[in-house]
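Architecture at a glance
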Amino acid sequence: MSWHKEPLVGFDLETTGTDVETDRVVTAAVIRLDAAGRAAPALSWILDPGVPIPPEASAIHGFSTDYVRQYGRPAAAGLTEITEALAAALGEGTPLVVMNARYDLSLLDRECRRHGVVPLSERLGTDPAPVVDPLVLDKHLDPYRKGKRTLQALCAHYGVVLDAAHEAGADAVAAVGVARRIGAKHPEVAGLTRPALHALQRQAAADQAASFQRYLRRTADPTAHVEPAWPLIPKER
């Protein structure tokens, strides 16, 4: 049976910003959906990141510094549970669906290292796999479509309901929905084995990064570097 018709696990983070090296996790969700799209009870976390949440980030996800200081879990404890849940899913061979996986998985990795938590890659003994990234797949399969490629835009394009954008649980479920629609629409990827699908996305992500880097060097920044690694940016970079 094709991967998009089998159980999938959605994962999403909401954070203090967009820099994987310095920003922090605020909320997270890990949700398993069966082949029919029925969700098991969500695993969700609110963490106290230990730093103030910028107002612009609070405006997106709705969590303030005062709120997470009062109600959030200590970061190290929450990060341990998040990585354990992800490692359990991947250890079973269940694909992990992450919109813009390079960002979420790399930021999670840095947070774990910051707080002395065993990172996901070390728990697994390898980079996280198999991962399904709707952003990478959509760009690969429909490269010339104009318009945004945010999760909201992909949901609108593929006819997936997004109940509450920037709520980690809703975003995780929506990302799985988009991944399933991509598989249903594109038999050339639906028929791939999980390792082959993962390898395709790794190459596609590198190609997309190289293309964007060439564009930036022509139009804006001749020294631009766009990270090609996927789904996890190595720490040493």
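As the structure is a prediction and not an experimental result, all values here were calculated from the model.

**Some thoughts on the overall build of the chain**
- Along the backbone of the chain there are 10 helices and 6 strands.
- Taking 237 residues into account, the globule formula puts the C-alpha radius of gyration at 18 Å, and the chain, at 17 Å, falls close to it.
- When each of the 237 residues of the chain is scored for burial, the buried share is 50%.
- Long-range contacts, defined here as pairs at least 24 residues apart, represent 66% of the contacts in the chain between residues at least 6 apart.
- If you sum the accessible surface of the chain, you get close to 11,100 Å²; carbon and sulfur atoms cover 55% of it.
- Of note, the chain has its 26 positive side-chain charges centred 6 Å away from the centre of its 29 negative side-chain charges.

**Examining the nonpolar core**
- Counting residues in hydrophobic clusters, the biggest one holds 34 residues, and the most contacted among them are Phe11, Leu79, Ile82, Leu86, Leu96, Leu105 and Leu108.
- Secondary-structure elements contributing two or more residues to this core are strand 1 (8-15), strand 2 (25-33), strand 3 (43-48), helix 3 (75-91), helix 4 (101-114) and helix 10 (194-219).
- Not counting residues within four places of it along the chain, the set of residues in contact with Leu108 comprises Phe11, Leu13, Leu79, Ile82, Thr83 and Leu86.
- Core analysis: the next-biggest nonpolar cluster, separate from the first, contains 23 residues, Val97, Val132, Leu151 and Leu197 among them.

**Notes on the packing of helix 6 (residues 134-141) against helix 10**
- Here helix 6 crosses helix 10 at 70°, and the two axes come no closer than 9 Å. The angle between helix 6 and helix 10 places the two elements in the roughly perpendicular class. Listed contacts from helix 10 to Val136, Leu137, Lys139 and His140 of helix 6 are Leu197, Leu200, Gln201, Ala204, Ala205 and Gln208.
- Here the residues of the contact of helix 6 with helix 10 sort into 6 nonpolar, 3 polar and 1 charged.

**Concerning the side chain of Thr27**
- Relative to the helices and strands, Thr27 is located in strand 2.
- Leave out the neighbours within four places in its chain, and Thr27 touches Asp12, Leu13, Glu14, Trp45, Ile46, Phe63 and Ala168.

**Looking at empty space enclosed by the protein**
- Here the structure, examined in full by the defined rule, presents 1 cavity of 30 Å³ or more.
- Its boundaries defined by the atoms lining it, the largest cavity holds a volume of some 40 Å³.
- Along the walls of the largest cavity sit Thr83, Leu105, Leu108, Asp109, Cys112, Leu120, Ser121, Pro128 and Leu232, which together make up its complete lining.
- Of all elements in the fold, only helix 4 and helix 5 (120-124) reach the threshold of two or more residues within the lining of the largest cavity.
- In terms of residue count, the dominant contributor to the lining of the largest cavity is helix 4 (4 residues).
- Of the residues assigned to the lining of the largest cavity, the class counts are 6 nonpolar, 2 polar and 1 charged.

**Examining the pairing of strand 2**
- Burial analysis of strand 2 places 8 of its 9 residues in the buried class, the great majority of the element.
- In terms of strand pairing, strand 1 meets strand 2 through 8 bridges, oriented antiparallel. Across the sheet, residue Thr15 finds its bridge partner in strand 2, namely Val25.
- Bridge analysis of strand 2 against strand 3 gives 4 bridges, and the strand direction is antiparallel. Within the sheet, the bridge partner assigned to Thr27 lies in strand 3 and is Ile46.

Calculation rules
Residues numbered from 1 in each chain as written. Predicted model: local features only at pLDDT ≥ 70, side-chain atom pairs only at ≥ 80, totals over all residues. Heavy atoms only, no water. Helix = DSSP H or I, 4+ residues; strand = E, 2+ residues; numbered from the N terminus. Rg over C-alpha atoms; globule rule 2.2 N^0.38 Å. Buried < 20%, exposed > 50% of the residue type's maximum accessible area, 1.4 Å probe, protein only. Contact = heavy atoms within 4.5 Å. Areas by Shrake-Rupley, 256 points an atom, 1.4 Å probe, with all protein chains shown as cover. Lys, Arg positive; Asp, Glu negative; His and termini not counted. Charge placed at Lys NZ, Arg CZ, Asp CG, Glu CD. Core = buried A, V, L, I, M, F, W, Y, C linked by side-chain atoms within 4.5 Å. Axes fitted to C-alpha atoms, helices over the stretch in contact; angles between N-to-C directions. Parallel < 35°, antiparallel > 145°, perpendicular 65-115°, else oblique. Nonpolar A, V, L, I, M, F, W, Y, C, P; charged D, E, K, R; others polar. 1 Å grid on protein atoms, 1.4 Å probe; cavity = no way out; pocket = protein on both sides within 12 Å on 5 of 7 lines; lining within 4 Å. Points joined across faces, edges and corners; volume = space filled by probe spheres on them. Pairing = 2+ DSSP bridges.

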